Amino acid sequence: DTAVSQTPKYLVTQMGNDKSIKCEQNLGHDTMYWYKQDSKKFLKIMFSYNNKELIINETVPNRFSPKSPDKAHLNLHINSLELGDSAVYFCASSQELAGVTDTQYFGPGTRLTVL
Amino acid sequence: GQNIDQPTEMTATEGAIVQINCTYQTSGFNGLFWYQQHAGEAPTFLSYNVLDGLEEKGRFSSFLSRSKGYSYLLLKELQMKDSASYLCAVRDDDYKLSFGAGTTVTVRA
């Protein structure tokens, strides 16, 4: 069983389109995250939700909107896609946000290519 | 902002030992993590340090000195499958995880 799953794995789309990436975790964790990994391999936090509540919201364009329908799901919707949005997007989850030894478990990633 | 530095690349021979250094300057400290990421795959957790000293886990060990803002990951008895990128990440006072750019380790036969 996959602990953290994302769909789709690959997404190729045109500039200006709107797209969504879905994430689900079956670990019973309270906290979920979205990260962006650019071509230079830097992994940067975008959002974090704890028990469906937005906790971390980094400086991300408001074209990016996370949605958490329940504790096990955190989806990422992107409006008006731009070339610079091309990257690998990773979803992750952890037992809690402020745990002493909290480890984040990452999904397989979604490679987004904007043409 | 957070500043986490680690070497870009390292190469070593199968069976050897490699040490990957990480220095950090962050707004607060609530733990340092090392992750392994194979090309095209997700990062996977390797180790965690929050107190000074050495944590050993099989062939992998991680060291932390909070006063120096320094950590290293030691990989012993290198195997070909250890060829990957190794990411140093620091959790700050807001419990956000900031990652370094990663060190690509290439293991040669």
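A short tour of the structure in this document, coming up.

**Description of the interface of chain B and chain A**
Consideration 1: The partner chain A presents 22 residues to the 17 residues of chain B that form the contact.
Consideration 2: For the pairing of chain B and chain A, the buried interface totals around 1600 Å² over both sides, and the portion due to carbon and sulfur atoms is 57%.
Consideration 3: Area buried by chain B at its contact with chain A is led by B:Tyr95, B:Lys96 and B:Phe99, which between them contribute 30% of it.
Consideration 4: Along the contact surface separating chain B from chain A lie one salt bridge.
Consideration 5: Of the charged contacts, one joins B:Lys96 and A:Glu58 as a salt bridge, the two residues approaching to 2.8 Å between their closest N and O atoms.
Consideration 6: Viewed at the interface, chain A and chain B are joined by three residue pairs in polar contact (both at pLDDT 80 or more).
Consideration 7: Every element with two or more residues in the side of chain B that touches chain A is listed here: β4 (32-37), β5 (44-49), β9 (84-91) and β10 (97-99) of chain B.
Consideration 8: Here the side of chain B that touches chain A gets three residues from one element, more than from any other, and that element is β4(B).

**Details of the state of the cysteines**
Consideration 1: Following the criterion strictly, the structure yields two disulfides over all chains and no others.
Consideration 2: Each disulfide pairs two cysteine sulfurs, and for A:Cys23 the partner residue is A:Cys91, the sulfurs being separated by 1.9 Å. Sign of the S-S torsion, about -75 degrees for the bond between A:Cys23 and A:Cys91, identifies this disulfide as left-handed. In this pair, A:Cys23 sits in strand β3 (residues 19-25) while A:Cys91 sits in strand β9 (residues 87-94), placing the two residues 68 residues apart along the sequence. The same class applies to A:Cys23 as to A:Cys91, namely buried.
Consideration 3: The disulfide bridge from B:Cys22 ends at B:Cys88, spanning 2.0 Å between sulfur atoms. The S-S bond linking B:Cys22 to B:Cys88 shows a torsion near -70 degrees; that makes this disulfide left-handed. Here the residue B:Cys22 occupies a position in strand β3 (residues 18-25), and B:Cys88 occupies one in strand β9, the gap between them amounting to 66 residues. Exposure class is identical for B:Cys22 and B:Cys88. Each is buried.

**Brief notes about the side chain of B:Ser85**
Consideration 1: Here B:Ser85 lies in strand β9.
Consideration 2: On the basis of relative accessible area, B:Ser85 is assigned to the buried category, the value being 15%.

Definitions and cut-offs
Residues numbered from 1 in each chain as written. Chains lettered and ligands numbered in written order. Predicted model: local features only at pLDDT ≥ 70, side-chain atom pairs only at ≥ 80, totals over all residues. Heavy atoms only, no water. Contact = heavy atoms within 4.5 Å. Buried area = accessible area lost by both parts, 1.4 Å probe. Salt bridge = Lys/Arg side-chain N within 4 Å of Asp/Glu carboxyl O. Polar contact = N/O pair within 3.5 Å; in protein donor to acceptor, adjacent residues only side chain to side chain. Helix = DSSP H or I, 4+ residues; strand = E, 2+ residues; numbered from the N terminus. Disulfide = S-S within 2.5 Å. Buried < 20%, exposed > 50% of the residue type's maximum accessible area, 1.4 Å probe, protein only.

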